[in-house]
Amino acid sequence: MKDKIIVALDVDTRDKAVEWVKRLKSDVGCFKVGKQLFTSTGPEVVRKIKSEGAGIFLDLKFHDIPNTVAAASIEAVRLGVDMFNVHALGGYEMMARSADAVRDEAERLAIKKPVFIAVTVLTSMSDESLREAGILTPAADEVRRLALLAKRAGMDGVVASPREIRLIKEACGGDFIVVTPGVRTSLSASDDQVRVMTPGEASRAGADYLVIGRPITKAADPVAAVKAISEAMCPE
Ligand code: C5P
């Protein structure tokens, strides 16, 4: 189960990130480098974490015109990340051109193609906040629509809330990868996440990977927290 856990390195310095990697690398599958850490330290942090022998999910959620996202995606492949993402709302052409570019670049470099996924609807969004942004469809329907679009564009899977895992697997097939943030060990400590589930529920619903930040990094004993999460994910 531990290979399914991705720890979000939501910290501001390279040293703090590397410290977390050293502490947790034998108990988790990989580490997520997101906007805060990448903006503060640059791509060097990815190389450093890789040199520790840990896997990397680069969570920059590219969302731009197709040419720009395809070019940025090629750079992510060159950086050697294991997984990275775009926003599905960038549209079919943005995803399809980028997916092709990723495949071609990995083949040219003769390296394993990174898992390339699309964010559907952020786990911090409710139906109400979607409406405020002009999206009148309920979150679940929007997620289904965007997951199908991502699949058609040749993406390997999507990021969605644990509540939508089953509907995505039903719509897109069991081997379409679902990565889920919004995982909470206690539903009371949801922070800014809205569409949440526990690790056990998310895993049993079919999640391929769980992205977990604060429930691990803010725990009194983070190693014990990771182990408890792995255990909770085992089938009953
Ligand atoms: O601390 P927490 O467990 O909420 O961290 C979740 C991580 O997953 C954060 O780094 C956040 O940026 C990321 N994420 C998310 N929702 C998405 C995609 C990524 O919460 N749809």
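Below you will find a few notes about this structure. It should be emphasised that the depicted structure is a prediction, and the values quoted were computed from it without experimental measurement.

1. So, the nonpolar core
So, step 1. With 64 residues, the main nonpolar core has Ile5, Leu58, Phe84, Val86, Met95 and Ile168 as its most contacted residues.
So, step 2. In terms of residue count, the dominant contributor to this core is helix α5 (residues 92-109) (six residues).
So, step 3. Setting aside anything within four residues of it in sequence, one finds Val86 in contact with Lys61, Phe62, Val69, Met94, Met95, Phe116, Ile117, Ala118, Val119 and Met155.
So, step 4. In terms of nonpolar packing, the next biggest core, distinct from the first, is built from twelve residues, Ile6, Cys30, Val115 and Ile177 among them.

2. Observations concerning the site of the ligand
So, step 1. In the vicinity of the ligand there are 17 residues, among which Asp10, Lys32, Arg184, Gly213 and Arg214 approach most closely.
So, step 2. Here an oxygen atom of the ligand and a side-chain polar atom of Lys32 are 2.7 Å apart.
So, step 3. Here an oxygen atom of the ligand and a side-chain polar atom of Arg184 are 2.6 Å apart.
So, step 4. In a pocket analysis with a 2 Å cut-off to the grid points, the ligand is assigned to the largest pocket.
So, step 5. For the shell around the ligand, the secondary-structure elements that each account for two or more residues are β3 (55-62), β8 (209-212) and α10 (214-217).
So, step 6. For the shell around the ligand, a count of residues per class yields eight nonpolar, three polar and six charged.

3. Some words on the pairing of strand β7 (residues 177-180)
So, step 1. A two-sided burial pattern is seen for β7, the buried positions comprising Ile177 and Val179 on one face and Val178 and Thr180 on the other.
So, step 2. Note that strand β6 (residues 157-159) and β7 share three bridges and pair parallel. Looking at β7, one finds that Val158 is bridged to Val178.
So, step 3. Bridge count for β7 against β8 is two bridges, and the pairing is parallel. Counted as the bridge partner of Val179 is Tyr209 from β8.

4. Digging into helix α11 (residues 222-233)
So, step 1. The terminal C-alpha atoms of α11, which comprises twelve residues, lie 17 Å apart, in line with the 16 Å expected from a rise of 1.5 Å per residue.
So, step 2. Taken together, the buried positions of α11 are occupied by Pro222, Ala225, Val226, Ile229, Ser230 and Met233. Burial along α11 is one-sided: seen end-on, the buried residues are contained in an arc of 135°.
So, step 3. Against β1 (5-8), α1 (14-24), α9 (199-204), β8 and α10 lie the buried residues of α11.

5. Topic: the sheet that holds strand β4 (residues 83-87)
So, step 1. Strands sit in the order β1-β2-β3-β4-β5-β6-β7-β8 around a closed barrel of eight strands; the barrel is parallel. Geometrically, the sheet is characterised by an average inter-axis angle of 25° between neighbouring strands, direction not taken into account.
So, step 2. Across three bridges, β1 lies against β8 in parallel orientation. Pairing of Val7 across the sheet is with Ile212, part of β8.

How each quantity is defined
Residues numbered from 1 in each chain as written. Predicted model: local features only at pLDDT ≥ 70, side-chain atom pairs only at ≥ 80, totals over all residues. Heavy atoms only, no water. Core = buried A, V, L, I, M, F, W, Y, C linked by side-chain atoms within 4.5 Å. Buried < 20%, exposed > 50% of the residue type's maximum accessible area, 1.4 Å probe, protein only. Helix = DSSP H or I, 4+ residues; strand = E, 2+ residues; numbered from the N terminus. Contact = heavy atoms within 4.5 Å. Near = heavy atom within 4 Å. Polar contact = N/O pair within 3.5 Å; in protein donor to acceptor, adjacent residues only side chain to side chain. 1 Å grid on protein atoms, 1.4 Å probe; cavity = no way out; pocket = protein on both sides within 12 Å on 5 of 7 lines; lining within 4 Å. Sits in = over half its atoms within 2 Å of the grid points. Nonpolar A, V, L, I, M, F, W, Y, C, P; charged D, E, K, R; others polar. Pairing = 2+ DSSP bridges. Expected span 1.5 Å × (residues − 1). Arc of directions from axis to C-beta. Axes fitted to C-alpha atoms, helices over the stretch in contact; angles between N-to-C directions.

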